Amino acid sequence: MACLCATAAQARGDSDRWVTFKTGHDSSYGVVQHQIDRDSIRQEGPYRTFSIREWIVEKKQPMTYTINDRLFFVSRKFAVDCAHRRFGDRFIDSQNAREKATSLDRMHWIALDKVPAVDRMVCR
């Protein structure tokens, strides 16, 4: 019984770890949620950064890809300029070497008000 309770508590804890900030549609997978990993939020110089996963709603699993027969979870890093109330809507890093990240000096910034979940989770 104690083991069952620990597993349930761990499952609840993991669900608190991920916060959806954007929902999109993929032609292959259907609805995909972009979710902030709350454990990844860090201050890096003038920016706060965080990593995301892409959650496939219908399959109830994170998006994955393969390279050389190895399975990887999609994970991308984003930056937020909390002081100037703006969010860099292009990723600055990815564990997938095939993806091209955007540098901060070429970033497209949007008002933080347009992504309230990012504001709430990352800047407050």
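Look a little higher up for the structure.
Residue numbers run consecutively from 1 along every chain, following the written order of its sequence. Under the rules for a predicted model, residues below a pLDDT of 70 receive no local features and side-chain atom pairs below 80 are neither given nor counted, while totals for whole chains, interfaces and linings still include all residues. With hydrogens and water stripped out, all remaining heavy atoms of the structure feed into the side-chain values.

Novice: So what about the overall build of the protein chain? Which residues, and what values?
Specialist: A tally of regular secondary structure across the protein chain gives two helices and 11 strands. Each helix (α) and strand (β) of the protein chain, taken in turn from the N terminus, gives the series α-β-β-β-β-β-β-β-β-β-β-β-α. Put simply, of all contacts in the protein chain between residues at least 6 apart along the chain, 38% involve residues at least 24 apart. Looking at the protein chain as shown, the accessible area adds up to about 8,200 Å², and 49% of this sits on carbon and sulfur atoms. Counting from the N terminus, the helices are the DSSP runs of H or I reaching at least four residues and the strands are the DSSP runs of E reaching at least two. It only takes one pair of heavy atoms within 4.5 Å for two residues to be counted as in contact. Residue burial considers only the protein chains on display, and all accessible areas are found by Shrake-Rupley using a 1.4 Å probe.

Novice: Please give an account of the nonpolar core that cites residues and values.
Specialist: Counting 15 residues, the largest nonpolar core has Phe21, Ile36, Phe50, Val80, Phe87, Val118 and Val122 as the members making the most contacts within it. Where this core is concerned, the elements lending two or more residues are β4 (47-56), β8 (76-81) and α2 (116-123). Here Phe50 is in contact with Phe21, Ile36, Ser40, Ile41, Arg76, Lys77, Phe78, Val80, Phe87, Val118 and Val122, once residues within four sequence places are set aside. Core analysis: the next-biggest nonpolar cluster, separate from the first, contains five residues, Val32, Met63, Tyr65 and Val74 among them. By nonpolar core we mean a set of buried residues, namely Ala, Val, Leu, Ile, Met, Phe, Trp, Tyr and Cys, connected to one another through side-chain atoms within 4.5 Å. Only protein chains enter the accessibility calculation, which uses a 1.4 Å probe. A residue is then buried if its area is under 20% of the maximum for its type, exposed if over 50%, and partly exposed in between.

Novice: I'd like a rundown of the state of the cysteines, residues and numbers included.
Specialist: Between two cysteines, a covalent bond joining their sulfur atoms is known as a disulfide. In what follows, a disulfide is any cysteine sulfur pair within 2.5 Å. Inspection of the entire model under this criterion finds one disulfide. What pairs with Cys82 in a disulfide is Cys123, and their sulfur atoms sit 1.9 Å apart. Given an S-S torsion of about -80°, the disulfide between Cys82 and Cys123 has left-handed geometry. Remark: Cys123 occurs in helix α2 and Cys82 occurs in the loop between β8 and β9 (86-88); sequence separation between them is 41 residues.

Novice: Please provide a residue-by-residue account of α2, values included.
Specialist: Along α2, the residues that are buried comprise Ala117, Val118, Asp119 and Val122. Buried residues belonging to α2 abut β1 (18-26), β2 (30-37), β4, β8 and β9.

Novice: So what's going on with the pattern of salt bridges? Which residues, and what values?
Specialist: Any carboxyl oxygen of Asp or Glu within 4 Å of a side-chain nitrogen of Lys or Arg constitutes a salt bridge here. Scanning the model with the defined rule gives nine salt bridges in all. A salt bridge links Glu99 to Arg76, with the shortest nitrogen-to-oxygen separation between them at 2.4 Å. You can see Glu99 sitting in the loop between β10 (93-94) and β11 (109-111) and its partner Arg76 sitting in strand β8, a full 23 residues away along the chain. Residue classification places Glu99 among the partly exposed positions, given a relative accessible area of 25%. One salt bridge in this structure joins Arg124 and Asp119, with 2.9 Å as the shortest N-O distance. Assessed through its relative accessible area of 69%, Arg124 is described here as exposed. Look at the salt bridges and you will find they share partners, linking Arg85, Asp113, Asp119 and Arg124 into a network.

Novice: Tell me about the side chain of Asn96, and name the residues and values.
Specialist: With respect to the secondary-structure elements, Asn96 resides in the loop between β10 and β11. Owing to a relative accessible area of 10%, Asn96 belongs among the buried residues under this scheme. For this analysis, a polar contact is any N or O atom pair within 3.5 Å, provided that within protein one partner can donate a hydrogen and the other can accept it, and provided that sequence-adjacent residues contribute only side-chain to side-chain pairs. Polar side-chain contacts of Asn96 include one of 2.9 Å to the backbone nitrogen of Arg98. Residues contacting Asn96, with those up to four places away along its chain left out, are Tyr65 and Ile67.

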